[in-house]
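# Analysis of the macromolecular model
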Amino acid sequence: MNDTLEKSTPLTQQEFTFPEISPATDTQIIAHLRQSCKIAQIATLAERDTLILKICENLSIAVTDEELQTAGNTFRMEHNLLESKKTLDWLSEQRITAEDWTQGIRVTLLANKLKEHLFGEAVDNHYLQNRNDYKRVALSQILVSNLEDALKVIKAIREENASFCALALEYSKVKQAKENGGFIGDRFLTELMPEIAKAVSEAKEGEILAPIQTKFGYHVLKIEKWFPPELNELTRERIMESLFQTWLQNKILLSKTSNGQG
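Let me sum up the structure you'll find in this document. (Residues numbered from 1 in each chain as written. Predicted model: local features only at pLDDT ≥ 70, side-chain atom pairs only at ≥ 80, totals over all residues. Heavy atoms only, no water.)

### Here we look at the packing of aromatic side chains
For clarity, the threshold we go by: Pairing of aromatic side chains requires ring centres within 6.5 Å, counting the rings of Phe and Tyr and the six-membered ring of Trp. Pairs whose planes differ by under 30 degrees are stacked, by over 60 edge-to-face, and all others tilted. Secondary structure elements follow DSSP: runs of H or I no shorter than four residues count as helices, runs of E no shorter than two count as strands, and numbering proceeds from the N terminus. In this scheme, a residue with accessible area under 20% of its type's maximum is buried, one over 50% is exposed, and one in between is partly exposed, where area comes from a 1.4 Å probe on protein chains only.
On inspection of all chains with the given rule, the structure shows 7 aromatic pairs. Seen in terms of ring centroids, tryptophan 90 and tryptophan 101 are 6.3 Å apart; in terms of plane orientation they differ by 70°. Their pairing is edge-to-face. Within this pair, whereas tryptophan 90 is found in helix 5 (residues 84-94), its partner tryptophan 101 is found in helix 6 (residues 98-119), the two being separated by 11 residues in sequence. For the pair tryptophan 90 and tryptophan 101, a shared accessibility class is recorded, and that class is buried. Judged by centre distance (6.2 Å) and plane angle (15°), the ring pair of phenylalanine 244 and tryptophan 247 falls under stacked.

### Some remarks on the sheet that holds strand 2 (residues 183-188)
Short version of the rule: Should DSSP find at least two bridges between two strands, the strands are regarded as paired. Each axis is a line fitted through C-alpha atoms, and for a helix only the stretch in contact is used; angles between axes span 0 to 180 degrees, taken between their N-to-C directions. Every residue pair with non-hydrogen atoms within 4.5 Å of one another is taken to be in contact.
Spatial strand order, 2-1-4-3: 4 strands in an open sheet with antiparallel pairing. Among the strands making up the open sheet, the edge pair consists of strand 2 and strand 3 (208-214). Within this sheet the neighbouring strands show an average axis-to-axis angle of 40°, counted without direction. Across 5 bridges, the pairing between strand 3 and strand 4 (residues 217-227) is antiparallel. Within the sheet, the bridge partner assigned to isoleucine 212 lies in strand 4 and is histidine 219. Strands strand 1 (136-144), strand 3 and strand 4 of the sheet are contacted by helix 9 (residues 164-171), whose axis makes an angle of about 45° with strand 1.

### Notes on the packing of helix 3 (residues 39-58) against helix 6
Keep this limit in mind: Rotating anticlockwise by less than a right angle from the far helix to the near helix defines a left-handed crossing, while the corresponding clockwise rotation defines a right-handed one. Classification convention: Asp, Glu, Lys, Arg as charged; Ala, Val, Leu, Ile, Met, Phe, Trp, Tyr, Cys, Pro as nonpolar; all other residues, Gly among them, as polar.
Contact geometry for helix 3 and helix 6: axes closest at 10 Å, N-to-C directions at 65°. You can see that helix 3 and helix 6 cross each other, and the crossing is left-handed. Judged by residue contacts, Arg48, Asp49, Ile52, Leu53, Ile55 and Cys56 of helix 3 engage Gln103, Val107, Leu110, Ala111 and Leu114 from helix 6. Across the contact of helix 3 with helix 6, the residue classes break down as 8 nonpolar, 1 polar and 2 charged.

### Side note on the environment of alanine 150
Mapped onto the elements, alanine 150 comes out in helix 8 (residues 147-160). Relative accessible area serves as the criterion here: at 0%, alanine 150 is assigned to the buried category. Between the alpha carbons of alanine 150 and tryptophan 90 there is a distance of 44 Å; along the sequence they are 60 residues apart. Ignoring sequence-local partners within four residues, the contact set of alanine 150 consists of Val144, Pro211, Tyr218 and Val220.

### Details of the nonpolar core
Note that soluble globular proteins tend to have their nonpolar side chains buried in a common cluster. The condition that has to hold: As used in this record, nonpolar core signifies buried Ala, Val, Leu, Ile, Met, Phe, Trp, Tyr and Cys residues forming a set joined through side-chain atoms within 4.5 Å.
With 27 residues, the main nonpolar core has Ile52, Cys56, Leu110, Leu114, Ile239 and Phe244 as its most contacted residues. Looking at this core, the elements that each hand over two or more residues are helix 3, helix 4 (65-78), helix 5, helix 6, helix 7 (123-129) and helix 12 (233-258). Excluding residues that lie within four positions of it along the chain, leucine 110 makes contacts with Ile52, Leu53, Cys56, Ile61, Ala62 and Val63. Formed by 14 residues, the second largest nonpolar core is a distinct cluster that contains Val137, Leu139, Ala197 and Leu221.

Take it as geometry only, folks, not as evidence of what the structure does.
This is the structure we're talking about:
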């Protein structure tokens, strides 16, 4: 009996030898993406890059060595990779080669050039026709899972004059909101979920909006500040990016349909 008990006694952490874990291979990484149901998302991004490269080739849109060098230097400065050793260590951590990194920069530059080629001249007209969509609003948010908590937050704010920041720290399930006292930054109305954009568009600065339900939960929002519509460089880039992404999605869908994948 004692012998049986001794044999069944679990090993302590000190007695157990953990197996050595080698870096994941490409095959293992792809297997993980499939098992975690993320392969479709990655495949879509790969299809997007392939489409951009083919279209740029057809339109004779190219990136010069000077442009590539400038973009590479900018990337290294932004990521504090000014020393060669730091760059090499970073490449090793990312499990990519210098050629992989350079190709990624090239695709980004080509995408920007294609975007400008296709929609650069359409921005002004699009903005004039959709001016109100490009109002910016600074928002604070408390996102909770259930209506009961959302009503508690609203009551605390309206009847007890509780601090929005303190309530965000206590209730919000969004890490960014917790860290910033609920503040989530400024957004164009077009960037907000439709049900939120509709409510926000009719609100005034300082107003607390009643719980708005979305697929993520219940949102308690505070309108911090409105910014008037303005066709500045930021707005221009957002418009072009929106038009470009819609165009790309349609092209990829059309390609799949024509190939019998739809």
